[in-house]
Amino acid sequence: MIRPKSPFRRIAAIAAGAVIGIGTMTMFAAPASAHHPEPSGTYCLASDGQATVTWKVGNSENIDATITAVSSTITSAFTGGDLKVGATLKAKGGELLTATQTHTFSDSKKKPKIELTVEARWERPDRIVTEHRTVAATKSGMCAAQPTPSPSSPTPTPTTTASPTPTPTTVSPSPSQTPTESPSPTPTATTPPAEPVGTVESTCDKLTFTIENPADGKIVVMTLTPNKGEAKTLTVEPGKTGSVSFDAVEGLTVTPAAEGLDDNEPIAWEKPAECNPGQGGGKDEPALPLTGAATGGIIAGAVVLLAAGAGLFVMARRRRVRFTA
């Protein structure tokens, strides 16, 4: 007698089809857009107010990026490293970009504001991402003041002794003392709101602007005006993240405007390297939007695998118990 197959095997056949389908979708799904440079900095402050700052910049992604902008709150030049616009930011775990700055602050007792802003650009087959990060340097201790050249010994000036002139004795009024002004109370330093982080992403069919507003920031209201179509307003509360997208067409540029935004230059949509024919740029017939890899193909493959699993289940049910002599 041939024993019927266990019902657990039937369930396993269906489960295998589902697992394969879901696994296929997971394998080809595109990763979330978390691209960002990773700057850090330390400084030492001498008694004369001179600060020496060391900057380092890493990469959050497993592909190289290109530095597109670098700025610091102190004006001295970057030296002793390769951190500059156009430099290649090696993939995560690779060599960091470095730079050094020196600056003398007038008040050595006041904590100086030393911040670095770095913008980088990543090019993937299906998207182009640009994002920046701002970091404040942390104090690493005191450093020795730079030696200053000692002045040359002055030439002694001959002293001429003059005959004393009799001075009439006069009763001068007691000198009035200059009133000492009481020091004005030092205003309590308030921590400025944290700056929001902006990301620009070009995919085959969209140009997307995203703002991550930190919890200790202030409300952000940004107006985005395209050269083709109507303007859109992006409002992001503290602790929230918001985004606005525009349909990708050839020649599309979008101009951002917001309070405190220094750079109001138009931002252009850039077509990624791998886009399907007719996708993006407004050419031919518009294709269905994609999310990461070809979503339609992935779903179709998963459906086929699920159907195969269901077929195995039906075949198993049709089997009959047969007795043999």
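What you are looking at is a predicted structure, and each value in this text was computed from that prediction instead of being measured.

Some remarks on the overall build of the protein chain
So, step 1. Secondary structure assignment for the protein chain yields 2 helices and 15 strands.
So, step 2. Considering only contacts in the protein chain between residues 6 or more positions apart, those separated by 24 or more positions represent 63%.
So, step 3. Surface summary for the protein chain: the accessible area is close to 22,000 Å², and the carbon and sulfur share equals 57%.

A word on the pairing of strand S12 (residues 232-236)
Looking along a regular strand, one sees the side chains alternate between the two faces of the sheet.
So, step 1. Pairing of strand S11 (residues 220-226) with S12 involves 5 bridges; the strand directions are antiparallel. Across the sheet, residue Leu-224 finds its bridge partner in S12, namely Lys-232.
So, step 2. Counted between consecutive antiparallel strands, the loop separating S11 from S12 contains 5 residues, among which Gly-229 sits at a positive phi close to 110 degrees.

A closer look at the packing of aromatic side chains
So, step 1. Under the definition given, this model contains 1 aromatic pair.
So, step 2. Aromatic pair Phe-209 and Phe-246: ring centres 6.2 Å apart, planes at 90 degrees, arrangement edge-to-face. Linking Phe-209 in strand S10 (residues 206-212) with Phe-246 in strand S13 (residues 241-247), this pair joins segments that are 37 residues apart in sequence. Taken individually, Phe-209 and Phe-246 each receive the classification buried, so the pair is uniform in this respect.
So, step 3. Here the guanidinium or amino end of Lys-232 rests over the ring plane of Phe-246, the centre of that ring lying 4.8 Å away.

Some remarks on a negative patch on the surface
So, step 1. Together, Glu-195, Asp-262, Asp-263 and Glu-265 make up a region of like negative charge exposed at the surface.
So, step 2. Note on placement: Glu-265 falls in the loop between strand S14 (253-258) and strand S15 (267-268).
So, step 3. For Glu-265, a relative accessible area of 55% corresponds to the exposed category.

Section: the sheet that holds strand S2 (residues 50-59)
So, step 1. With respect to topology, 4 strands assemble into an open sheet ordered S5-S2-S1-S8, the strand pairing being mixed. In the strand order of this sheet, the two ends are held by strand S5 (97-104) and strand S8 (138-142), each with one partner. Averaged over all adjacent pairs, the angle separating strand axes in this sheet is 20 degrees, with direction ignored.

What counts and what doesn't
Residues numbered from 1 in each chain as written. Predicted model: local features only at pLDDT ≥ 70, side-chain atom pairs only at ≥ 80, totals over all residues. Heavy atoms only, no water. Helix = DSSP H or I, 4+ residues; strand = E, 2+ residues; numbered from the N terminus. Contact = heavy atoms within 4.5 Å. Areas by Shrake-Rupley, 256 points an atom, 1.4 Å probe, with all protein chains shown as cover. Pairing = 2+ DSSP bridges. Phe/Tyr/Trp six-rings, centres within 6.5 Å; stacked < 30°, edge-to-face > 60°. Buried < 20%, exposed > 50% of the residue type's maximum accessible area, 1.4 Å probe, protein only. Lys NZ or Arg CZ within 6 Å of the ring centre and 35° of its normal. Patch = residues over 30% accessible without salt bridge, like charges linked within 9 Å, V, L, I, M, F, W, Y side chains within 5 Å. Salt bridge = Lys/Arg side-chain N within 4 Å of Asp/Glu carboxyl O. Lys, Arg positive; Asp, Glu negative; His and termini not counted. Charge placed at Lys NZ, Arg CZ, Asp CG, Glu CD. Axes fitted to C-alpha atoms, helices over the stretch in contact; angles between N-to-C directions.

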